[in-house]
Amino acid sequence: MTTTALPRASSPETRSTPARRGGSLADQRRRLFVPFVGPALLLYVVLFVVPIFGAVWISFHKWAGSGPMTWSGIDNYRGLVADPLFRQSLGNTLKLLFVVGIAIFVLSFAMALVLRDMAGRKIVRSVIFFPHLVNALVYGILVGFIFNPDGLANSILKPLGVDAPPQWLAQDNLFPLIMVTMVWMTTGYYTTILMAGVDRIPPYYYEDCALAGANAWQRLRHVILPLTWDVFGVCAVLWTISSVKIFEIIWIFGASNGTGVPPAQTWTAAVYTYVTAFSGDSIPAYGAATASAVLSLFLVTVLVVLLRRVMRRDVIEF
Amino acid sequence: MRTSIAPPATRRWPARRRGPASLSGTGPLRRVGVGLMWLIVLANVAGLGWMALQAFRDTRSILATPWGLPKGFSVENFVEAWTVSDFATATWNSTWVTLVSSVLTVAVAAPAAYWLSRQESRLSRGLTLFFVLGLGVPVQVILIPLFVMLNSVRLIDSLVGLNLVYIGLSMPFTVFLLTGFFRSLPAELEEAAALDGASPAGVFWRVMLPMAKGGMLTAFVLQLIGHWNETLLAVTLLHSTENYTLPVALISFVQQQTYSGADWGGLFAGLCIIVLPMLAVYVWLGRRLTEGLTLGMGK
């Protein structure tokens, strides 16, 4: 990694003093590669890149974490495809990605439009952005309280005459509730990003629209959407990446039911990976766990590449 | 945001009354939208405010009257959370892991980002891309290999190990953010300093770093927030109570409740301990954060 640092440097003998006199700042700077980039690169490679390749390697083995690793080819992947639990977890991750994703996008876009010329927009923006800085555990716990049988939700419904409120936290209702919570937590962040995009549109476009007699829908369709398209692309990529790692908000519901593991109906791909490797109940299956994680990485990669294809348009200069 | 060109107000065409800057259509729909926005704001503030207030009540009264207000500010829950439930240790662990790893992340990433932003070569472009690609990797991919690696060097259940992991994990985003930031700084000053005889390292240290203070502060605070809230790795890598960071302590607190009975008062106190520092940072540096997290990602 260090030997390539001097691609265009002159021969080693002449490098010391003559280069200093004749060499520009850029030439001298190039030599700082090792002290400047070295530490970051080393940490990144050792603690990030090597583990990625490690994961791919482990995923082709049967391994309980200690003891011998046995090569098993693509057995782990085959096992995953056949495992209904994994299919469900992946399905949940896809639900988060697409259903929650679309909800977030529609809402944030609508909110960005409303906020554009609304009095007090700065206050609104600061408040709705804040959940992004809060650990999702907090929202999980709050939702757990609001919807517990003695919680806030039922205390509102009772005076309204609802005697048999829904079992909010029942295993089958939990995941939809988590999805709604995700929308609540995340929309503000994407609204802030989209607002930056909508604000960039110069006002004379709207004046043109008014002159041409365009209605609200036409304005949206022909001015606002095309001009914020690239920001949408960025948001889509961001959401793809962050939705695949959703873990703690699911996990906290396992902590509160006593078993330590959330009900299988709510598992995401990340939870599946964690449970398969570290849940203590059964023999840890590191091979299958890493294989499921590698599939998540594959999913992200494919989707990001696709998104970039689909969202690519000619950049509109304005 | 609103232009100074005031449009003629015509009764005939209500949508124009608001001027050309108005995008979202006609009156009633818009008023509903504005109303909804304030409702959302209210719900957000009320939710967190409610949580903070309940932290001052005991569990029995919280369950009996969830809408009730505390009678006076008894800090019993906080004292209990702090001492009995050992949130003190967790807070201390979280604080120092977060601070150390964020400082080191920026200290390591800034020179690299500077070099990459100023060097125009295939190597620097390739390396920048190499760093950026890490942004797309979900944490669970490296979870197990990291566990195995740290286990083999006895850094499991160690805050030093967690620190190292956080630094490595933060490299893609921090290098990406700071590379963009250094690129936006003018090169003329550096050249002037170099003409005055400063060495390249001196240029970086004495000219660039002072100019880059803002960007580095943003990067630092973003890491602060990220590391303070990080849960999956902490849960995986920390096993003994005295090493727990706040998210792990919170999960284990919730777990214990299923045996020892619900202690919502204590739990809300714990939630306050994890949320309040973020609120403080947000109040302190709000704008910078929003810009770092949105514009920085938009490029």
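Residues numbered from 1 in each chain as written. Chains lettered and ligands numbered in written order. Predicted model: local features only at pLDDT ≥ 70, side-chain atom pairs only at ≥ 80, totals over all residues. Heavy atoms only, no water.

Looking now at the overall build of chain B. Per the secondary structure count, chain B includes 14 helices and zero strands. N-terminal to C-terminal, the α/β element order of chain B is α-α-α-α-α-α-α-α-α-α-α-α-α-α. Counting across all 299 residues of chain B, residues that qualify as buried make up 55%. When the accessible area of chain B is evaluated, it comes to approximately 13,600 Å², of which 66% is carbon and sulfur surface. (Helix = DSSP H or I, 4+ residues; strand = E, 2+ residues; numbered from the N terminus. Buried < 20%, exposed > 50% of the residue type's maximum accessible area, 1.4 Å probe, protein only. Areas by Shrake-Rupley, 256 points an atom, 1.4 Å probe, with all protein chains shown as cover.)

Now for the overall build of chain A. Broken down by element type, chain A carries 14 helices and two strands. With 318 residues in all, chain A has 53% of them scored as buried. For chain A, restricting intrachain contacts to residue pairs at least 6 apart in sequence, the fraction spanning at least 24 positions comes to 68%. Accessible surface, chain A: about 14,600 Å² in total, of which carbon and sulfur atoms supply 65%. (Contact = heavy atoms within 4.5 Å.)

All right, on to unusual backbone geometry then. With the exception of glycine, the majority of residues adopt a negative phi angle, and the majority of peptide bonds are in the trans configuration. All names here are of chain B. Here the phi dihedral of arginine 154 falls at roughly 60 degrees; this positive angle occurs in a residue that is not glycine. As for its position among the elements, arginine 154 is in the loop between α7 (139-152) and α8 (159-183). The phi torsion at aspartate 157 lies on the positive side, around 55 degrees, for a residue other than glycine. For aspartate 157, the location among the structural elements is in the loop between α7 and α8.

Contact residues are listed per partner, giving 104 residues for chain A and 102 residues for chain B. Across the chain A-chain B interface, the total number found is zero salt bridges. Across the contact surface, chain A and chain B share ten residue pairs in polar contact (both at pLDDT 80 or more). Looking at the side of chain A that touches chain B, the element that brings in the most residues is helix α3 (residues 33-59) of chain A, giving 19 residues. In the side of chain A that touches chain B, the residues fall into 73 nonpolar, 19 polar and twelve charged. (Salt bridge = Lys/Arg side-chain N within 4 Å of Asp/Glu carboxyl O. Polar contact = N/O pair within 3.5 Å; in protein donor to acceptor, adjacent residues only side chain to side chain. Nonpolar A, V, L, I, M, F, W, Y, C, P; charged D, E, K, R; others polar.)

On to the packing of aromatic side chains, then. Enumeration over the complete set of coordinates arrives at 39 aromatic pairs over all chains. Aromatic pair Phe60(A) and Tyr77(A): ring centres 5.7 Å apart, planes at 50 degrees, arrangement tilted. Of this pair, Phe60(A) sits in the loop between α3 and β1 (61-62) while Tyr77(A) sits in helix α4 (residues 75-82); the two residues are 17 residues apart in sequence, bridging distant segments of the chain. Through successive ring pairs, a cluster of aromatic residues spans Phe105(A), Phe109(A), Phe129(A), Phe130(A), Tyr189(A), Tyr190(A), Trp229(A), Phe232(A), Trp239(A) and Tyr282(B). (Phe/Tyr/Trp six-rings, centres within 6.5 Å; stacked < 30°, edge-to-face > 60°.)

Residues and elements named next belong to chain B. On the secondary structure map, serine 124 appears in helix α6 (residues 122-133). Taking the relative accessible area as the measure of exposure, serine 124 reaches 1% and is therefore buried. Not counting chain neighbours up to four residues away, the residues in contact with serine 124 comprise Trp115, Leu116 and Gln119.

Where the model shows low pLDDT, its predicted coordinates should not be examined in detail. Counting all residues, the mean pLDDT for chain B is 81, and 88% of those residues have values of 70 or more. Confidence drops under pLDDT 50 across residues 1-24 of chain B; counting only partners more than four residues distant or on other chains, this segment forms 40 contacts. (pLDDT = per-residue confidence, 0-100.)

Residue and element names in this part refer to chain A. Nonpolar side chains collect at one region of the surface, where Phe98, Val99, Ile102 and Val106 lie side by side and expose about 380 Å² of accessible area between them. Among the structural elements, valine 106 can be located in helix α5 (residues 84-116). Residue classification places valine 106 among the exposed residues on the basis of a relative accessible area of 53%. (Patch = residues over 30% accessible without salt bridge, like charges linked within 9 Å, V, L, I, M, F, W, Y side chains within 5 Å.)

Geometry of a packed helix pair, given as the angle between the helix axes and the separation of the axes. Residues and elements named next belong to chain B. Running from N to C, helix α9 (residues 188-195) and helix α10 (residues 200-211) point in directions that differ by 155 degrees, and their axes come no closer than 10 Å. Comparing the axis directions of α9 and α10 gives the class roughly antiparallel. Like other packed secondary-structure pairs, α9 and α10 cross with a definite hand, here right-handed. Listed contacts from α10 to Leu189, Glu190, Ala193 and Ala194 of α9 are Val203, Val207, Met208 and Met211. Along the lines of polarity and charge, the residues of the contact of α9 with α10 split into seven nonpolar, no polar and one charged. (Axes fitted to C-alpha atoms, helices over the stretch in contact; angles between N-to-C directions. Parallel < 35°, antiparallel > 145°, perpendicular 65-115°, else oblique. Left-handed = near helix turned anticlockwise from the far one by under 90°.)

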